[in-house]
Amino acid sequence: MKIVFLHNDFKVYWKDRLYFLQEFFSQKNIQINVIEIFGNESPYSFDTSEIKLDWWDCLFETEKFTELTTKMVTDKITNHLDYLNPDIIVCGPIAFTSGAIGMRWAYKKRKKVILFDDSKHSLYKRNFLVNYIKLNLTNLAEAILVPSTDYDLEYSKWKINKEKLYYGLNCIDNNYFLPNGDYHFKDTKQFICVARLVPIKNIEALLNCWKTIEEEYPEYSLKIVGGGPEYENLVNVKNELELKNVIFTGNKTKSEIAKILSQSDAFILPSYMEGWGMVVNEAMAAGLPVILSDRINAGHTLLKDSINGLKFNPEITGAISKYINLSVDEKINMSKNAIIEIKKYNYDFLADQLLSAINSVQRQKRKSLSLLDFLLIKSWSGKFKTSNWDTIQKN
C-alpha cells in the first residue's frame, strides 16, 4: 500500500511527525511519500533546513506566489500524484489547494481521502456559499484527522458523523522538551512567549500590559521568541513604553527554544486566533503552566483553567498577576499537571489513530458523487496564497 501526504507546506512541526510516521508505517509494509507544494513561500520560511529524501518532494521550492497561477499549481500536483499513484491521500483542509486538488484527483482515480484539519470553522467569517462548498467537499472524505475530541461538536454542527473523526493530529516529541522526565521548579521569574510576530498574535497588547507588571513586579521578566514582519514595530513599542525587563530574541532553533523553556517559569500566548498553537504543546511538555487567550484552540483541549494554567480574555494583566501571586506549591502543582496532560498527545497516539483511519478507509466503499458534488469538486481549487496569514479575524 502507498500513502501520500499532500499539503501546502510541511515545515517546522510537521517534519518530525512525518519522519516518525514514515518509520512507523514502513514497519507495516506501507509506503509513505510526501508532496510539499511550496518552499520559500511558506509562512514558516524561516525554517531553512533542507530535506533530501527520496520519499519527500517539494514542487515549488523557490517560486513566489506572484509567479504562479492556480492552473500551474493544479497541473503540477496532479502530474505528481499520477506519477506516485497512491492508494490513499492524506491531505490538508478543503480550504487549501492541497485538500481541493487532492480530493479532485482521488475521486477521478477512485482513490480514498483522509483530510487533516485543526481549524474550528465556526470561528472564521465566511459567506454562506463558501461554507456550503467546504462542508459538502469535506463530507466526501472517508476520514478526517483532527487534534482531539474537543472538535467533535464542531463537526457535528456540520452534520459530519463522529465515526469519520480520528485524533492526535497536533503532537510533538514530548520527551525532547523534558529529556529526564522530571520537572523541577526553578522560580526564575521569567515568562516566555514563543510566537511568529504578526498582528494576529496580539503581542502589542502583551507589551502594553507588561508595563503594569513591571511596575508592580519589577523582579519578573518577559522573553519573546520569534521573528516576523512586526518585529521592528514591537521593538519600538517596547522602547516607547520604556520596558526594561522585556527581551526579543528573534527566531531560535528547536534546541534553543527547549533551553529557554527550561529556564522559564510560565508560558504566555495572547493570540486573537490560533488554529492550534503547537508552542503550547512544547511549553507543557517542558513543564510550564500556560497562560492563554481563550481564542487558542490548543487551550480548549489542553488547558485546564487553574489546574495546569490560566485562561484569559481580554484582560492579560489580571491573569499574569494571578499566576505571580500563586504560592510555590501551587505553581509546582500546575507544572506537574501540565506534564500529565500533554503526555496523552504524542507521536504513538497519532500513528495508532492514523493506522485505524487507514484500516477503516480501506474497508469503505467509494461514495458515488451527486451531480452537485461533481461540479463542486471540478470547480473548487482552494487557496494557495497565504497573504491573509497576518489578518486579524475577530467575531
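For the structure itself, look to the data block above.
Residues numbered from 1 in each chain as written. Predicted model: local features only at pLDDT ≥ 70, side-chain atom pairs only at ≥ 80, totals over all residues. Heavy atoms only, no water.

J.: Describe the side chain of H80, naming the residues involved and giving the relevant values.
T.: Positionally, H80 belongs in helix 2 (residues 70-84). For H80, a relative accessible area of 17% puts it in the buried group. Not counting residues up to four positions away in its chain, the partners in contact with H80 are I35, D57 and L59. (Helix = DSSP H or I, 4+ residues; strand = E, 2+ residues; numbered from the N terminus. Buried < 20%, exposed > 50% of the residue type's maximum accessible area, 1.4 Å probe, protein only. Contact = heavy atoms within 4.5 Å.)

J.: Account for empty space enclosed by the protein, with residues named and values stated.
T.: Enumeration over the complete set of coordinates arrives at 1 cavity of 30 Å³ or more. Here the largest cavity is characterised by a volume of approximately 70 Å³. Around the largest cavity, the lining residues are P93, I94, A95, L115, D117, H121, K134, T138, Y155 and W158. For the lining of the largest cavity, the per-class residue count stands at 6 nonpolar, 2 polar and 2 charged. (1 Å grid on protein atoms, 1.4 Å probe; cavity = no way out; pocket = protein on both sides within 12 Å on 5 of 7 lines; lining within 4 Å. Points joined across faces, edges and corners; volume = space filled by probe spheres on them. Nonpolar A, V, L, I, M, F, W, Y, C, P; charged D, E, K, R; others polar.)

J.: How would you summarise the pattern of salt bridges if you had to cite specific residues and measurements?
T.: Under the counting rule described, the total for this entry stands at 10 salt bridges. Put simply, K162 and D152 hold a salt bridge, and the shortest N to O gap is 3.7 Å. Pair noted here: K162 is in the loop between helix 5 (152-157) and strand 7 (165-166) and D152 is in helix 5, with a separation of 10 residues, a long-range link. Residues K189 and D187 are paired through a salt bridge, measuring 3.1 Å at the closest nitrogen-oxygen approach. Taken together, the shared-partner salt bridges connect K304, E341 and K344 into one network. (Salt bridge = Lys/Arg side-chain N within 4 Å of Asp/Glu carboxyl O.)

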